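Per-entry structural report
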Amino acid sequence: MTKYKKFLNGFEYIEVSNKSARAKIALQGAHLFHYEQQGKKPLLWLSETSFFVAGKAIRGGVPICWPWFGKHKTESSLPQHGFARIFFWELLGVNETDENSTEVSLQLKNSAESLKLWPYRFELLLRVTVARTLSIALTTKNCDEKAFEITSALHNYFAVANINSVYVEGLDKTRYFDALKKENKIQRGNIYISEEVDRVYQEVRNPLTLHDQDRTVHIGAEGSSSAVVWNPWIDKCAGMSDMKDDAYKTMLCIETTNALEDGRILQPDEEHTLTAVIS
Ligand code: TA6
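Everything quoted here is computed from the prediction, not taken from an experiment.

**Quick notes on the overall build of the chain**
When helices and strands are counted, the chain shows 2 helices and 23 strands. Against the 2.2 N^0.38 benchmark of 19 Å for 279 residues, the chain shows a C-alpha radius of gyration of 18 Å, consistent with a compact globule. On the principal axes, the C-alpha backbone points of the chain span a range of 45 × 45 × 35 Å. Of all 279 residues assigned to the chain, the portion counted as buried reaches 53%.

In structure tokens:
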């Protein structure tokens, strides 16, 4: 079943449900902000104080960071994590494949607005498959006459029972850039969170596994050899207007990325797809 909804302020989203799962996707940013398998707790975390307003990214779910991850390389005035997550996407279709699976397709194309921020013509297609397994595929097509480079992320926010009792498996011996200390390091064993963590892992062999108190989440990726693990912890969380002070205790970002050296150069007419497969 698919419902087309609006918040009181007119902010549009669609709600999809089938026998296996249900999800909510905002048209701004093609932003999946809710996903749960039927009968289970939400798998994605959503801030209780998130904004749902034009031009401001929803805090939680899966923000689409594109065509750059993090701060713009040269223009600090440009939006962090690019503009895809704050632009309004076109809903191409909802395909109820069967009683257990629904695929939602959304598209963003270059516009006068986007060309002011990034001087390239492109088509961006997001396909979200809502089923027992959640699949999110972001395809970039270079529609320009010149090559361009993208860095990007499916910035997955996962809901956890208690940050003190979770760990991430699958990155042992993997090198990462510590964005806080600005140093390159090697991961030793599983990742436990007991402070602010902001790390970009490279040469990642998927899948990764999030071990929460009462569930295990598998995060597979295609078209990606990097991943980001982020938790703002106490101080940064307290400074964020769209996160409650204790929100850091119940969320962890494990992001499917083409970040830093894993950026992708697309020649004219070339396409690249970044996919997260979460179960
Ligand atoms: O993915 C980690 C990160 O780049 C952190 O440095 C932090 O800035 C986070 O993204 C959230 O960024 P946002 O722009 O959504 O507040």
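**Considerations on the layout of surface pockets**
Here the largest pocket defines a volume of roughly 1100 Å³. What lines the largest pocket is a set of 41 residues, among which Phe69, Gly70, Lys71, Gln80 and His81 lie closest to the centre. Elements supplying a minimum of two residues to the lining of the largest pocket: strand 10 (148-150), strand 17 (197-202) and strand 20 (226-231). Its residues assigned to classes, the lining of the largest pocket shows 20 nonpolar, 8 polar and 13 charged.

**Brief notes about the sheet that holds strand 23 (residues 271-278)**
Strands in a sheet are paired, the pairing made by backbone hydrogen bonds, and the direction either parallel or antiparallel. An order of 6-7-8-9-23-19-18-13-16 is seen for the 9 strands of this open sheet, with the pairing classed as antiparallel. Two strands lie at the open edges of the sheet, namely strand 6 (90-98) and strand 16 (191-192), each paired on one side alone. In this structure, strand 7 (residues 101-109) lies alongside strand 8 (residues 122-130), joined through 8 bridges in antiparallel fashion. Bridging from a neighbouring strand, Val104 pairs with Val128 of strand 8.

**Focus on the nonpolar core**
Burial of nonpolar side chains together is a common tendency in soluble globular proteins. Of all hydrophobic cores here, the largest spans 78 residues; its most connected members are Trp66, Trp89, Leu210 and Leu252. When residues in this core are grouped by element, the largest group, 5 residues, is from strand 8. The contacts of Trp89, once residues within four sequence positions are left out, are Leu27, Gly29, Ala30, Ile64, Ala84, Leu106, Gln107, Leu108, Leu124, Leu125, Leu126 and Leu138. Grouped together as the second largest cluster of nonpolar side chains are 6 residues, Tyr13, Ala26, Phe52 and Ile58 included.

**Some words on the site of the ligand**
Taken together, the neighbourhood of the ligand is formed by Arg59, Phe69, Gln80, His81, Arg85, His155, Asp198, Val228, Trp230 and Glu255. Interatomic distance of 2.6 Å between a side-chain N/O atom of Asp198 and an oxygen atom of the ligand. The contact in question runs from an oxygen atom of the ligand to an N or O atom on the side chain of Glu255, over 2.8 Å. For the ligand, the accessible surface in isolation is 390 Å², of which the surrounding protein chains cover 81%. More than half of the atoms belonging to the ligand lie within 2 Å of the grid points that define the largest pocket. Of the residues contributing to the shell around the ligand, the split by class is 3 nonpolar, 3 polar and 4 charged.

**Re the sheet that holds strand 1 (residues 2-6)**
An order of 1-2-3-4 is seen for the 4 strands of this open sheet, with the pairing classed as antiparallel. The open sheet has two edge strands, strand 1 and strand 4 (31-37), and neither has a second partner. Within this sheet the neighbouring strands show an average axis-to-axis angle of 15°, counted without direction. Note: strand 2 (residues 12-17) against strand 3 (residues 21-26), 5 bridges, orientation antiparallel. Counterpart to Ile14 in the pairing with strand 3 is Ile25.

**Examining the packing of aromatic side chains**
Summed over the entire model, instances satisfying the criterion amount to 22 aromatic pairs. Ring geometry for Phe83 and Phe122: centres 6.1 Å apart, planes at 45°, overall tilted. With Phe83 in the loop between strand 5 (64-65) and strand 6 and Phe122 in strand 8, this pair connects stretches of sequence that are 39 residues apart. You can call Phe122 buried: its relative accessible area is 0%. Taken together, Trp66, Trp68, Phe83, Phe87, Trp118, Tyr120, Phe122 and Phe148 form an aromatic cluster joined through their ring pairs.

**Observations regarding the pairing of strand 8**
Consecutive residues of a regular strand have side chains that alternate between opposite faces of the sheet. In this structure, strand 8 lies alongside strand 9 (residues 134-142), joined through 8 bridges in antiparallel fashion. In the sheet register, Leu124 faces strand 9, and the bridge partner there is Thr140. The turn linking strand 8 back onto strand 9 is made up of 3 residues.

**A look at the pattern of salt bridges**
On inspection of all chains with the given rule, the structure shows 18 salt bridges. Of the charged contacts, one joins Lys41 and Asp214 as a salt bridge, the two residues approaching to 3.0 Å between their closest N and O atoms. Of the two residues, Lys41 is situated in the loop between strand 4 and strand 5 and Asp214 in the loop between strand 18 (208-211) and strand 19 (216-222); the sequence distance between them amounts to 173 residues. For Lys41, a relative accessible area of 42% corresponds to the partly exposed category. The closest approach of N and O atoms between Lys236 and Glu196, which form a salt bridge, is 2.9 Å. Of this pair, Lys236 sits in helix 2 (residues 233-238) while Glu196 is found in the loop between strand 16 and strand 17, placing the two residues 40 residues apart along the sequence. For Glu196, a relative accessible area of 22% puts it in the partly exposed group. Overlapping salt bridges bring together Lys5, Glu15, Arg22 and Glu36 as one network.

Basis of the calculations
- Residues numbered from 1 in each chain as written.
- Predicted model: local features only at pLDDT ≥ 70, side-chain atom pairs only at ≥ 80, totals over all residues.
- Heavy atoms only, no water.
- Helix = DSSP H or I, 4+ residues; strand = E, 2+ residues; numbered from the N terminus.
- Rg over C-alpha atoms; globule rule 2.2 N^0.38 Å.
- Buried < 20%, exposed > 50% of the residue type's maximum accessible area, 1.4 Å probe, protein only.
- 1 Å grid on protein atoms, 1.4 Å probe; cavity = no way out; pocket = protein on both sides within 12 Å on 5 of 7 lines; lining within 4 Å.
- Points joined across faces, edges and corners; volume = space filled by probe spheres on them.
- Nonpolar A, V, L, I, M, F, W, Y, C, P; charged D, E, K, R; others polar.
- Pairing = 2+ DSSP bridges.
- Core = buried A, V, L, I, M, F, W, Y, C linked by side-chain atoms within 4.5 Å.
- Contact = heavy atoms within 4.5 Å.
- Near = heavy atom within 4 Å.
- Polar contact = N/O pair within 3.5 Å; in protein donor to acceptor, adjacent residues only side chain to side chain.
- Areas by Shrake-Rupley, 256 points an atom, 1.4 Å probe, with all protein chains shown as cover.
- Sits in = over half its atoms within 2 Å of the grid points.
- Axes fitted to C-alpha atoms, helices over the stretch in contact; angles between N-to-C directions.
- Phe/Tyr/Trp six-rings, centres within 6.5 Å; stacked < 30°, edge-to-face > 60°.
- Salt bridge = Lys/Arg side-chain N within 4 Å of Asp/Glu carboxyl O.

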